[in-house]
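Overview (structure and organization)
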Amino acid sequence: MLDLVQLQSFVTVGQMGSFTLAAERLGLGQSTVSQHIQRLESAVGRKLLARDTHRVVLTGDGEALLGHARTLLSIEGEMRSMFADNSLRGSLRLGVSEDFVTSQLPDVLEEFVRLHPSVDLELTVALSGALYEMQDNGALDLVLAKRRLGDTRGTLVYREPLIWLARDPARIRASSAPLPLIAFPAPSVTRAVALEALRRQQVPWRIVCTCGSLSGLTAAARAGMGVLVQPRSMAPSGLHEIAPGWLPVLEDVEFVLVPRKGADQMVVKALSDDILAKVRNLRAG
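Quick caveat: nothing in here was measured; it's all calculated off a predicted structure.

**Focus on the overall build of the protein**
The helix and strand tally for the protein stands at 11 helices and 12 strands. With the principal axes as the frame, the protein shows a C-alpha extent of 65 × 50 × 25 Å. Counted over contacts in the protein with a minimum sequence separation of 6, partners at least 24 positions apart contribute 76%. In the structure as shown, the protein presents an accessible area of about 14100 Å², 52% of it carried by carbon and sulfur atoms. Here the protein holds 31 positive side-chain charges and 30 negative ones, and the gap between their average locations is 6 Å.

**Considerations on unusual backbone geometry**
Here the bond from Ala-186 into Pro-187 is cis, since omega is 0 degrees, no more than 30 degrees from zero. Along the chain, Pro-187 turns up in the loop between strand E8 (179-183) and helix H9 (189-200). We note that Gln-202 has phi near 55 degrees; this positive angle belongs to a residue other than glycine.

**Things to note about the sheet that holds strand E12 (residues 253-259)**
Strands sit in the order E4-E3-E5-E12-E6 across an open sheet of 5 strands; the sheet is mixed. Strand pairing shows two members of the sheet lacking a second neighbour, strand E4 (119-126) and strand E6 (155-160), which therefore form its edges. Taken pair by pair, the neighbouring strands of this sheet meet at an average axis angle of 25 degrees, ignoring direction. Two strands pair when backbone bridges link them, and strand E3 (residues 90-97) and strand E5 (residues 142-148) are joined in this way by 3 bridges, in the parallel orientation. Residue Leu-94 lies in a different strand from E5, and its bridge partner there is Leu-142.

**Here we look at the sheet that holds strand E7 (residues 162-166)**
With respect to topology, 5 strands assemble into an open sheet ordered E9-E8-E10-E7-E11, the strand pairing being mixed. Of all the strands in the sheet, just strand E9 (205-210) and strand E11 (240-241) have a single pairing partner and so form its edges. Bridge analysis of E8 against strand E10 (residues 227-231) gives 2 bridges, and the strand direction is parallel. Along E10, the bridge assignment pairs Leu-181 with Val-227.

**What about the nonpolar core?**
Counting residues in hydrophobic clusters, the biggest one holds 43 residues, and the most contacted among them are Phe-100, Trp-164 and Leu-271. Within the second largest apolar cluster, 18 residues are counted, among which are Val-56, Leu-65, Ala-69 and Leu-73.

**Things to note about the packing of aromatic side chains**
What the rule picks out here adds up to 2 aromatic pairs. Seen in terms of ring centroids, Phe-100 and Phe-255 are 5.9 Å apart; in terms of plane orientation they differ by 45 degrees. Their pairing is tilted. A residue pair is termed long-range when its members are at least 10 positions apart, and Phe-100 in helix H5 (residues 98-103) and Phe-255 in strand E12 qualify at 155 residues. A relative accessible area of 0% means that Phe-100 is categorised as buried. Both rings, one in Tyr-158 and one in Phe-255, keep their centres 4.9 Å apart while their planes meet at 20 degrees; by these two values the pair is stacked. Of this pair, Tyr-158 sits in strand E6 while Phe-255 sits in strand E12, and the two are 97 residues apart along the sequence. Residue Tyr-158 shares its accessibility class with Phe-255, and that shared class is buried. An aromatic cluster is present here, built from Phe-100, Tyr-158 and Phe-255 joined pairwise through their rings. Over the ring of Tyr-132 we find Arg-153, and its NZ or CZ is 3.9 Å from the ring centre.

Criteria and thresholds
- Residues numbered from 1 in each chain as written.
- Predicted model: local features only at pLDDT ≥ 70, side-chain atom pairs only at ≥ 80, totals over all residues.
- Heavy atoms only, no water.
- Helix = DSSP H or I, 4+ residues; strand = E, 2+ residues; numbered from the N terminus.
- Contact = heavy atoms within 4.5 Å.
- Areas by Shrake-Rupley, 256 points an atom, 1.4 Å probe, with all protein chains shown as cover.
- Lys, Arg positive; Asp, Glu negative; His and termini not counted.
- Charge placed at Lys NZ, Arg CZ, Asp CG, Glu CD.
- Pairing = 2+ DSSP bridges.
- Axes fitted to C-alpha atoms, helices over the stretch in contact; angles between N-to-C directions.
- Core = buried A, V, L, I, M, F, W, Y, C linked by side-chain atoms within 4.5 Å.
- Buried < 20%, exposed > 50% of the residue type's maximum accessible area, 1.4 Å probe, protein only.
- Phe/Tyr/Trp six-rings, centres within 6.5 Å; stacked < 30°, edge-to-face > 60°.
- Lys NZ or Arg CZ within 6 Å of the ring centre and 35° of its normal.

Right, here's the structure in full:
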């Protein structure tokens with residue numbers, strides 16, 4: 001029989017890519033987490049984790065075990081919740097900006113969903129501006145989205161620079177045509193920042209692709225259609241940052257959590273605290 005504590009350490013190390021960060025998340029010593037992994041590997045008779053030059057990664061056997069481990073831990077969480085008098089219950093409508101979903105959301109939500117199976121979580125993905133409008137209309141209880149510098153709404157999660165990206169920056173720079181811009185439709189924070197910067201520096205531009213999905217914008221940029229603006233940590237693979245000096249410097253953006261007045265405050269606080277801790281741990285790694 002596999003030990004659930006050891007499985008939790010294994011899943012957390014696999015998720016964080018680091019024994020140190022996993023130990024911090026679990027509230028354990030790094031040596032204790034290492035012992036859990038060693039004992040689990042001994043129990044299954046396979047090597048589950050390996051180190052590359054930057055982080056800890058799952059082996060093939062580790063990948064095979066991961067899904068089953070998560071299932072077992074999920075069942076255990078449901079059982080605890082079923083018999084706990086103080087278990088968190090209720091519903092929460094969460095809105096998350098499009099670009100955050102593709103980069104960090106799975107790691108952020110996975111443990112919350114497992115630990116609070118009695119919370120009915122409804123997820124909406126959209127542009128930041130659209131999410132704020134939905135929340136103002138009472139359709140969302142908590143929003144995780146971008147805001148412009150100087151905007152005071154919400155609780156700051158982190159701040160990040162925006163960058164210009166292209167498949168072939170040298171080819172874009174060599175062209176005498178107006179800058180081909182790939183952008184989300186309005187209302188979009190990154191679109192607004194980019195257009196304001198271009199107008200301020202009197203750089204000629206034209207929109208060559210508009211799409212509400214980051215995957216669509218990424219496909220257009222990878223096809224060489226033009227330039228895309230994204231937070232640096234969310235830069236899609238296959239695209240390269242355009243070196244500073246040619247295009248105007250873009251202002252930073254801030255990711256924030258914005259609760260709705262009247263929402264279930266216990267559920268909102270629990271998820272907000274969890275998101276703040278997880279995102280900051282992920283960025284520290």
